[in-house]
Amino acid sequence: MTARKPYRAQRRLYLFRPPAYGRAMFDIKAIRENPKAFDDAWARRGVEPQTARILERDQLIRKAKGMVQEAEAARNAASKQIGLAMREGRKDDAEKLKAEVAGAKNVIAALGTQLEGEQRELHDMLSGLPNLPADDVPHGAGEEDNVELAKWGEPRSFDFTPKAHDDLGEALGQMDFETAAKMSGSRFVVLRGQLARLDRALAAMMLDMQTGEGFEETAPPLLVWPKAMEGTGQLPKFAEDSYSTAEHFLIPTAEVSLTNTVRESILPVDALPKRMTAHTPCFRSEAGSAGRDTKGMIRQHQFNKVELVSICAPEQSDDEHKNMLRCAEAVLQRLELPYRVMELCTGDLGFGARKTYDLEVWLPSQDTYREISSISNCGDFQARRMAARYKAGEKDNRFVHTLNGSGLAVGRTLVAVLENYQREDGRIDVPKALVPYMGGAEIIG
RNA sequence: GGUCAGGUGGCUGAGUGGUUGAAAGCGCUGGAUUCGAAAUCCAGUAUAGGGGCAACUCUAUCGCGGGUUCGAAUCCCGCCCUGACUGCCA
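Scoring rules and cut-offs
- Residues numbered from 1 in each chain as written.
- Chains lettered and ligands numbered in written order.
- Predicted model: local features only at pLDDT ≥ 70, side-chain atom pairs only at ≥ 80, totals over all residues.
- Heavy atoms only, no water.
- Near = heavy atom within 4 Å.
- Polar contact = N/O pair within 3.5 Å; in protein donor to acceptor, adjacent residues only side chain to side chain.
- Helix = DSSP H or I, 4+ residues; strand = E, 2+ residues; numbered from the N terminus.
- Nonpolar A, V, L, I, M, F, W, Y, C, P; charged D, E, K, R; others polar.
- Pairing = 2+ DSSP bridges.
- Axes fitted to C-alpha atoms, helices over the stretch in contact; angles between N-to-C directions.
- Expected span 1.5 Å × (residues − 1).
- Contact = heavy atoms within 4.5 Å.
- Disulfide = S-S within 2.5 Å.
- Buried < 20%, exposed > 50% of the residue type's maximum accessible area, 1.4 Å probe, protein only.
- Domains from an automatic or database assignment.
- Buried area = accessible area lost by both parts, 1.4 Å probe.
- Core = buried A, V, L, I, M, F, W, Y, C linked by side-chain atoms within 4.5 Å.
- Parallel < 35°, antiparallel > 145°, perpendicular 65-115°, else oblique.
- Left-handed = near helix turned anticlockwise from the far one by under 90°.

**Q** I'd like to hear about the protein's contact with RNA strand B, residue by residue, with values.
**A** Near RNA strand B there are 20 residues, and of these Arg-62, Lys-65, Glu-72, Arg-75 and Val-101 occur at the shortest range. Looking at RNA strand B alone, sugar and phosphate atoms form 76% of those within 4 Å of the protein. In the environment of RNA strand B, a phosphate oxygen lies 2.7 Å from a nitrogen or oxygen atom belonging to the side chain of Arg-62. Taking Arg-75, its side chain carries an N or O atom lying 3.0 Å from a phosphate oxygen of RNA strand B. Those elements giving two or more residues to the surface near RNA strand B turn out to be helix 2 (28-33), helix 4 (51-87) and helix 5 (91-127). Residues that form the surface near RNA strand B fall into these classes: five nonpolar, five polar and ten charged.

**Q** Quick rundown of the sheet that holds strand 14 (residues 396-399)? Include the residues and the values.
**A** Sheet architecture is open: three strands sit in the order 7-13-14, paired in mixed fashion. Edge positions in the sheet fall to strand 7 (265-268) and strand 14, since each of these pairs with one other strand and no more. Mean inter-strand twist for the sheet, computed between neighbouring axes without regard to direction, equals 40 degrees. Bridge count between strand 7 and strand 13 (residues 388-393): four bridges; the pairing is parallel.

**Q** Would you mind going over helix 4 in detail, with residue names and values included?
**A** Spanning 37 residues, helix 4 covers 53 Å between terminal C-alpha atoms, matching the ideal 54 Å at 1.5 Å per step. On its buried side, helix 4 packs onto helix 2, helix 3 (35-44) and helix 5. Gly-89, located one to two residues past helix 4, shows a positive phi value of around 75 degrees.

**Q** If you had to explain the state of the cysteines to someone new, which residues and values would you point to?
**A** Linking two cysteines covalently via their sulfur atoms produces the bond known as a disulfide. Tallied over the entire structure, the rule returns zero disulfides. Note on Cys-312: no disulfide assigned, nearest cysteine sulfur contributed by Cys-378 at a separation of 11 Å. What makes Cys-312 buried here is its relative accessible area of 0%. Taking the relative accessible area as the measure of exposure, Cys-378 reaches 2% and is therefore buried.

**Q** I'd like a description of the sheet that holds strand 15 (residues 401-409), backed by residues and values.
**A** In a beta sheet, neighbouring strands are held together by backbone hydrogen bonds and run either parallel or antiparallel to one another. With respect to topology, eight strands assemble into an open sheet ordered 1-10-11-12-15-9-8-4, the strand pairing being mixed. In this open sheet, the two edge strands, each paired with only one partner strand, are strand 1 (147-152) and strand 4 (216-217). Direction of pairing for strand 11 (residues 355-363) relative to strand 12 (residues 368-377): antiparallel, over a ladder of nine bridges. Its bridge partner being in strand 12, Leu-359 is matched across the sheet by Ser-373. Here helix 11 (residues 317-334) sits on the sheet and contacts strand 1, strand 8 (274-283), strand 9 (302-312), strand 10 (339-343), strand 11, strand 12 and strand 15; the angle it forms with strand 15, its principal contact strand, is near 5 degrees.

**Q** Quick one: what's the story with the environment of Glu-394, residue by residue and with numbers?
**A** Mapped onto the elements of the fold, Glu-394 is located in the loop between strand 13 and strand 14. Residue Glu-394 is classed as exposed on the basis of its relative accessible area, which comes to 74%. Each C-alpha atom of the pair Glu-394 and Ala-290 lies 52 Å from the other, and the pair is 104 residues apart in sequence.

**Q** If you had to explain the domain arrangement of chain A to someone new, which residues and values would you point to?
**A** Taken domain by domain, chain A consists of domain 1 (22-127) and domain 2 (143-444). A straight line from the C-alpha centre of domain 1 to that of domain 2 covers 43 Å. Contact residues are listed per partner, giving nine residues for domain 1 and eleven residues for domain 2. Across the interface of domain 1 and domain 2, roughly 890 Å² is buried in total on both sides, 48% from carbon and sulfur atoms. When the area that domain 1 buries against domain 2 is broken down by residue, the three leading residues are Met-25, Arg-45 and Ser-127, summing to 60%.

**Q** So, the nonpolar core: which residues are in play, and what are the values?
**A** Residues Leu-198, Leu-202 and Leu-359 are the most contacted members of the largest nonpolar core, which totals 50 residues. Going through the elements one at a time, helix 8 (193-212), strand 9, helix 11, strand 10, strand 11, strand 12, strand 15 and helix 13 (410-420) are the ones with two or more residues in this core. Among the elements that line this core, the one with the most residues is helix 8, at nine residues. With 23 residues, the next largest nonpolar core counts Val-224, Leu-235, Val-262 and Ala-388 among its residues.

**Q** Now, about the packing of helix 4 against helix 5: what can you tell me, with residues and values included?
**A** With their axes 8 Å apart at the nearest point, helix 4 and helix 5 run at an angle of 155 degrees to one another. Comparing the axis directions of helix 4 and helix 5 gives the class roughly antiparallel. Crossing geometry of helix 4 relative to helix 5 is assigned as left-handed.

**Q** Outline unusual backbone geometry, listing residues and values.
**A** Residue Leu-272 is joined to Pro-273 through a cis peptide bond whose omega torsion reads -10 degrees. Position of Pro-273 among the secondary structure elements: in the loop between strand 7 and strand 8. The residue Arg-187 is not glycine, and still its phi comes out positive at about 65 degrees. The residue Arg-187 is located in the loop between helix 7 (177-184) and strand 3 (190-191) in this model. Positive phi, normally seen in glycine, also occurs at Glu-336, with a value near 55 degrees.

So, in structure tokens, the structure goes:
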């Protein structure tokens, strides 16, 4: 039995979405004025030149639109005449005009179908294109070209061979993959006792810290419509990475829900920056990662995460980005977990991001740093997709900038605590900051 | 989930097939008046897109999508949302 195959539902969902907001996905005027800038920027992240075919389509659309509008204007004018003629009892004049309108209607219908097709094509073209990297993002092909910006803390030296978190958890009898597999398959886990509590304690501490930084605690929907997923950039390209029901997608991150809170709205400037945080489960099918991190809790279909989202004005977003990085770092520092800050190169940037910092925590069993948070500035990329704007002045509505970051991934933080705080006998010291959240317990096991 | 009633501009609210992108009021902006202000008066006040150097002009939008019609805010269908009643249920 192959368990997971909800693709059909997903495709159906996606095709049924209304075609709203497609045209604004990228600044088409800016592309017309300076196509090279766009192609160059895309090239930096390995995307073929796109503007030629975009502009070609744009030309066709504008031409067709002009003709449609002309025909519509003619129809409207004639219709008004008909109304007048009818009122004045000039029946035959009205009939003559009706014939005229019928002609215009044929033109409108024919051109309209063509126009619709072209607009859809442009929409599909644009919606599948990633964000442009910021100018200062280091160039690179992939993960190996990311740049280390900072290192914090000293990896602990063990006088015994440190165990992997799943060995520790299973030995404690509080991390049970086998039982989870009986009901849900691989990449699920049952946590029990102190480890279940540790998961909650970590989330609670993170939430307390982030709300203390001015992020408003939010409890959003976990199931969202396709258009919300398109808004943040999960669709159309990554449908197979997500789970769906008959009409909803399960959020792969609270970024989707939190960012979409401002969709289709025009915010007053003084509401910015709007900072939100949420502790939610996240659901990912991990379609493309067969065989990677199959052991342990590093890569699960379901995990908890405390997410940070900020909606702000364009001129605020760089500062906002650094602030969110600081807020995420603060959690690792408070837990005294060694980590490093990476700046992603153009080749490793996510679909919607124009600049991203990753936080990687030290995992002794793997003798390496592993991603625990990813903090991205999406610029106006998502805002354009969901029509999220702010009032910059009278008659001056502009797209907001959106940022998101983990503050932090709870599951991976639990992994890091287990591995970094393990004792030779397999028990785990509770990080000092976490003791109050663990009901005073200073040790697990 | 079912039945019924609704969804109109920043807000209130008129409009049930024909110059209605939409009355009126409130709010807001500018101007007149005033020493200044209040009051009053006049004018302006949605969004997106096409064309134009510009003045300007055209198109679309009355929850969303589709249909009927020469013409739809107004009629029909589907969906979304709100309220009332009702069913089931954590």
